[in-house]
Amino acid sequence: QVQLVESGGGLVQAGGSLRLSCAVSGRTISNYGMGWLRQAPGKEREFVAALSRSGGSTRYADSVKGRFTISRDGAKNTVYLQMNSLKPEDTAVYYCAASQLSTTTTVRMYNYWGQGTRVTVSS
């Protein structure tokens, strides 16, 4: 079984930065398309960023394009989400997830999920 554990969330002022980490155990991340998704209070979970199995291809939601970067460290079996120029509307619980598909933007296609890490951006 694949297990995912996120860390790095917290409280930050608008315009600030955070880096989220997702430590994966059980299988190597190159077996999966990895993604970050988020859920804001009162809203549905939404796609944020995805990384292909090879690590060579990425996809981003329009709302974070140019501000967020997904990456990985194969040696550490860890996936990251670098978040810059944060906005109050980025406030959400952020989830790391793994999919059998390589770079899917569809939330329901992610098979394995972490417990989430909360990000709060103050104005």
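Owing to the predicted nature of the structure, the values given are computational and were not obtained by experimental measurement. (Residues numbered from 1 in each chain as written. Predicted model: local features only at pLDDT ≥ 70, side-chain atom pairs only at ≥ 80, totals over all residues. Heavy atoms only, no water.)

Q: Give a detailed account of the pairing of strand 1 (residues 3-7), specifying residues and quantitative values.
A: Burial of strand 1 is one-sided: the residues L4 and E6 facing one way are buried, the residues Q3, V5 and S7 facing the other way are not. Where strand 1 and strand 3 (residues 18-25) come together, five bridges link them in antiparallel fashion. Looking at strand 3, one finds that L4 is bridged to V24. (Buried < 20%, exposed > 50% of the residue type's maximum accessible area, 1.4 Å probe, protein only. Helix = DSSP H or I, 4+ residues; strand = E, 2+ residues; numbered from the N terminus. Pairing = 2+ DSSP bridges.)

Q: Summarise the state of the cysteines; cite the residues concerned and give the values.
A: Put plainly, two cysteines are in a disulfide when a covalent bond ties their sulfur atoms together. Tallying each qualifying case throughout the model produces one disulfide. Each sulfur of the disulfide joining C22 and C96 lies 2.1 Å from the other. Looking along the S-S bond of the C22-C96 disulfide, the torsion reads about -80 degrees, which is the left-handed sense. Placement of the pair is C22 in strand 3 and C96 in strand 9 (residues 92-99), with a sequence separation of 74 residues. Here the two residues C22 and C96 agree in accessibility, since each one is buried. (Disulfide = S-S within 2.5 Å.)

Q: Explain the sheet that holds strand 8 (residues 78-83) residue by residue, including any values.
A: Reading across from one edge, 1-3-8-7 is the order of the four strands in this open sheet, with antiparallel pairing throughout. The strands lining the two open edges of the sheet, one partner per strand, are strand 1 and strand 7 (68-73). For this sheet, the mean angle separating the axes of adjacent strands, direction not counted, is 20 degrees. (Axes fitted to C-alpha atoms, helices over the stretch in contact; angles between N-to-C directions.)

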